[in-house]
Amino acid sequence: MGFARTCSVALVGVEGVVVEVQADLEPGIAAFTLVGLPDKSLIESRDRVRAAVVNSGADWPQKKLTVGLSPASVPKGGSGFDLAVACAILGAAERIDPRVLADIVMIGELGLDGRVRPVRGVLPAVLAAADAGYEQVVVPECTAGEATLVPGVSVLGVRSLRQLIAVLTDEPVPDEEPDERDRPDPMLSALSMPGGGAGTGLLHEGPALDLADVVGQLSARTAIEVAAAGGHHVMLSGPPGAGKTMLAERLPAVLPPLTRMEALEVTAIHSVAGMLPPGKSMIDTAPYCAPHHSATMQSLVGGGPGVARPGAVSLSHRGVLFLDEAPEFSSKALDALRQPLEAGHVVIARSAGVVRLPARFLMALAANPCPCGQYRAHGGECDCPAATVRRYQARLSGPLLDRVDLRVEVDAVTRNELSGYAPRGESTQVVADRVRAARERAMVRLADTPWRTNSEVPGHALRTRWPAVPGALDEAEADLERGFLTARGLDRVLRVAWTVADLAGHDRPFAQDVALALQLRTGISRGVPMTIGAVS
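None of the values given here were measured: they were computed from a predicted structure.

Report on the overall build of the protein chain, specifying residues and quantitative values.
Per the secondary structure count, the protein chain includes 23 helices and 17 strands. A principal-axis box enclosing the C-alpha atoms of the protein chain has dimensions of 85 × 50 × 40 Å. A total of 536 residues make up the protein chain; the buried ones form 51% of that total. Restricting the contact set of the protein chain to residue pairs at least 6 apart, pairs at least 24 apart contribute 71%. Only carbon and sulfur atoms are counted for the fraction: they give 52% of the accessible area of the protein chain, which is about 23800 Å². One way to put it: in the protein chain the 52 positive side-chain charges average out to a point 5 Å from where the 61 negative ones average out.

Structure representation (C-alpha cells):
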C-alpha cells in the first residue's frame, strides 16, 4: 500500500482554504476514485492527470487509486488541483519521495501533454497558503510573478510536470520547447474570461486623460476634487454633451496611487475574476469600472452559478464605479448597491455557501434630467410631459440618493468656452497633488483609527472626537429640522465639510466649509463660490 499527500487551495470568493490532497494506492482492480465534494471540472481532472502523467514519462499505477480532498465538507471546483493530484499520485507510487511533497502547496492545471497551465486566483491562493504557515508554493511559470507578490513564500514556477518531477527528485531539469514567437501564448488564455472586461466596462490601461480637457464646469470639477479627496460618492446631472462622462473618466487619475496592501486587495479580486491586465502582475492604480445600463443585479454586486464571482462593485474596489445613464439601470440593480455603499463589502448567499467580497468603491452617477435630456437646459426645448419627467427622476430611489454625498448640476457648455476664450481649467496633476495632500492630512488625523478617508468615519465619531468650529453646523442643523436633510445626510455633510477643510488646509471645518458641503449636497446656493480656494 502506498500513501502520499500534498496541498492545494480552494477559493471561496476571494478567500482561500488550504486543501490537503491525499492519494492512496491499494491492491485491486485498477480504478481512480476522487472524493471530497469535487465539482464537474474537478472530476474531469482524473482524465487530464492520467494523460499528463503518462505523457510526462512516468508510469501510471495499475492499482486501486483513491484521491481525497480534505476537508471534505468544503466544496471544491476548478482545474487548479490538477498539479497537486498528479504529484500526490506519483508520491503514492514512490516516483517522488512523499516526504518532499507534504509541506508544498501546488496550484495549476495540467494539459494532456503534461504542460502546466495557469489558473485564475493565484494571488489569493498563495496568500491563503502563507496565512496557513506554508513557505513553499509551486505555480505555473507564467503566474510566478503574481505569486511572488506575497512576502515570506518561496515560489517555484514550472512549465511542465516533467520539470516539477525532476526538481522534486533532484534529477536534471529538462528543457521545454518554447512556443512560436509570432503566435499568441495559449497558456495565457486561462487567465482571462472571454468578454469579461468589455462586459463590465473595466479599464486598466489607456491614454492619459487630463482634467484640463474638460471645458468649463467649475462646480463639477470642484465636486470631482472633493469626491477624490474624501472618497465621497458623486452624482452629475445635466443635458447630454455637457461633459459628465469626461469628468467621471478622469476621476481615477485624480485618486492617489494604491498602497501595497490596497494593491494586493485589488489584484486578488481581479485575479479571481480573470481580469488581470496581460503582463501585469499587480494593479497599483485605482481601477475604473463602467458597466452598461443593461447590467443585471448579479453583474453589479456579484453572483453566478455555484460559488459567487466578483461583480462590478468588487472589481471597482479602491477605485471608481461609474454608472452612466443611471436612471436607465433597473431599480432592482440600483437598490442592490445600497448595502455595499454603506458597509464597504457585499455578502452574497448561495446554496454553495456565503461569500463576502470587498466593495469599498467611489460611485459616480451621471444622469440626464429627463428622457430627452433638455429639461431646464438653457435654450433647450423639452417635449417630455411633467409626469414623464417625474417618473424618470424617481427611478433613482431616495435611499440610494441619500448615500450620495455630492450632487451637482452640469450646465451645457457655452460657445465662448468651446472657442477657448474662457480660462483653461487646472490639469489632472495639479488637482491630484492637492488631493494627495488632503488625504495625507486626513490619514494623520485618523492614524489611530480603522478608517482611512473621511467618507468612512461614522457620524458619531465626527461629532464627538473631531467637532467643527462652534456654530459652523447651525445652517445644516436647521435644514435637518426643516426636513431637507436626514440624520444620515447631516453626517455626510459633516464628512464632506472635513474634506473641504483638508483641501483648504484648515485644522477643522469652518462655517464656509460646511456651507460649501451643503451646497454640493443639496444644490441650493449658500452664498459661497463653488471653488476650494474661495473658502480658505
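Describe a nonpolar patch on the surface, listing the residues and the values that go with them.
On the surface, L156, V167 and V173 cluster together into a nonpolar patch covering about 200 Å² of accessible area. Looking at the element boundaries, L156 is found in strand β9 (residues 154–158).

Which residues make up helix α5 (residues 122–131), and what values do they have?
With seven of 10 residues buried, α5 lies mostly within the body of the structure. If you check which residues of α5 are buried, you get V122, L123, P124, A125, V126, A128 and A129. Turning to α5, the residues buried within the fold contact β1 (2–12), β2 (15–26), β5 (104–106), β8 (136–140), α6 (144–147) and α11 (260–273). Once α5 finishes, G133 follows within two positions and takes phi at roughly 100 degrees, a positive value.

If you had to explain helix α7 (residues 161–168) to someone new, which residues and values would you point to?
Burial of α7 is extensive: six of the eight residues sit out of reach of the surface. Taken residue by residue, α7 has L161, Q163, L164, I165, A166 and L168 as its buried positions.

Describe the state of the cysteines, naming the residues involved and giving the relevant values.
For the structure on display, the rule yields zero disulfides. No disulfide involves C142; its sulfur sits 17 Å from the nearest other cysteine sulfur, which is in C87.

Explain the environment of Y288 to me, using residue names and the numbers behind them.
Here Y288 shows up in strand β12 (residues 288–289). Residue classification places Y288 among the buried residues on the basis of a relative accessible area of 5%.

An account of the side chain of S455 is requested, with residue identities and associated values reported.
Within the secondary structure, S455 is located in the loop between α19 (428–445) and α20 (459–464). Here S455 falls in the buried class, since its relative accessible area comes to 17%. Here G231 takes part through its backbone oxygen, which lies 3.1 Å from a polar atom of the side chain of S455. Reaching out from S455, the side chain makes a polar contact with the side chain of T453 at a distance of 3.2 Å. Apart from residues lying up to four places away in sequence, S455 is in contact with G230, G231, H232 and R495.

Before we move on, can you summarise the packing of aromatic side chains with the specific residues and values?
Scanning the model with the defined rule gives two aromatic pairs in all. Between F32 and W60, the aromatic rings sit 5.7 Å apart at their centres with planes inclined by 45 degrees, giving tilted as the arrangement. A residue pair is termed long-range when its members are at least 10 positions apart, and F32 in strand β3 (residues 31–35) and W60 in the loop between α2 (45–55) and β4 (64–70) qualify at 28 residues. Under the relative-accessibility criterion, W60 is labelled buried at 15%. Ring geometry for Y288 and F322: centres 6.4 Å apart, planes at 25 degrees, overall stacked. Of the two residues, Y288 sits in strand β12 while F322 sits in strand β13 (residues 320–323), which places them 34 residues apart along the sequence. With respect to burial, Y288 and F322 carry one shared label: buried.

Tell me about unusual backbone geometry, and please be specific about residues and values.
Omega for the peptide link from S70 to P71 comes to 10 degrees, which places this bond in the cis form. Positioned with a positive phi, E325 is a non-glycine residue whose angle comes to about 55 degrees. The class for E325 is partly exposed, based on a relative accessible area of 27%.

How would you summarise the pattern of salt bridges if you had to cite specific residues and measurements?
Taken as a whole and assessed by the stated rule, the structure comprises 28 salt bridges. One salt bridge in this structure joins R452 and E262, with 3.3 Å as the shortest N-O distance. Here R452 is found in the loop between α19 and α20, whereas its partner E262 is found in helix α11, with 190 residues between them in sequence. Overall, the relative accessible area of 31% leaves R452 in the partly exposed class.

Now, about the packing of helix α22 (residues 487–504) against helix α23 (residues 511–522): what can you tell me, with residues and values included?
Where α22 meets α23, the axes come as close as 8 Å, and the angle between the chain directions of the two elements is 120 degrees. Taken together, the axes of α22 and α23 are oblique relative to one another. You can see that α22 and α23 cross each other, and the crossing is right-handed. In this structure, α22 contributes G489, R492, V493, V496, A497, V500 and A501 to the contact, and α23 contributes D513, V514, L516, A517, L518, L520 and R521. Each residue belonging to the contact of α22 with α23 can be placed in one class, and the counts come to 10 nonpolar, one polar and three charged.

Give a description of the pairing of strand β16 (residues 362–367) that names residues and reports values.
The buried fraction of β16 is high, at six of six residues. Residues of β16 alternate between two faces, with L362, A364 and A366 on one and M363, L365 and A367 on the opposite face, all of them buried. Inspection of the sheet shows strand β11 (residues 234–237) paired to β16 by four bridges, in the parallel sense. Pairing of S237 across the sheet is with A367, part of β16. The pairing of β13 with β16 spans four bridges and is parallel. Residue F322 lies in a different strand from β16, and its bridge partner there is A364.

Quick notes on the rules
Residues numbered from 1 in each chain as written. Predicted model: local features only at pLDDT ≥ 70, side-chain atom pairs only at ≥ 80, totals over all residues. Heavy atoms only, no water. Helix = DSSP H or I, 4+ residues; strand = E, 2+ residues; numbered from the N terminus. Buried < 20%, exposed > 50% of the residue type's maximum accessible area, 1.4 Å probe, protein only. Contact = heavy atoms within 4.5 Å. Areas by Shrake-Rupley, 256 points an atom, 1.4 Å probe, with all protein chains shown as cover. Lys, Arg positive; Asp, Glu negative; His and termini not counted. Charge placed at Lys NZ, Arg CZ, Asp CG, Glu CD. Patch = residues over 30% accessible without salt bridge, like charges linked within 9 Å, V, L, I, M, F, W, Y side chains within 5 Å. Salt bridge = Lys/Arg side-chain N within 4 Å of Asp/Glu carboxyl O. Disulfide = S-S within 2.5 Å. Polar contact = N/O pair within 3.5 Å; in protein donor to acceptor, adjacent residues only side chain to side chain. Phe/Tyr/Trp six-rings, centres within 6.5 Å; stacked < 30°, edge-to-face > 60°. Axes fitted to C-alpha atoms, helices over the stretch in contact; angles between N-to-C directions. Parallel < 35°, antiparallel > 145°, perpendicular 65-115°, else oblique. Left-handed = near helix turned anticlockwise from the far one by under 90°. Nonpolar A, V, L, I, M, F, W, Y, C, P; charged D, E, K, R; others polar. Pairing = 2+ DSSP bridges.

These figures come from the coordinates and say nothing about function on their own.
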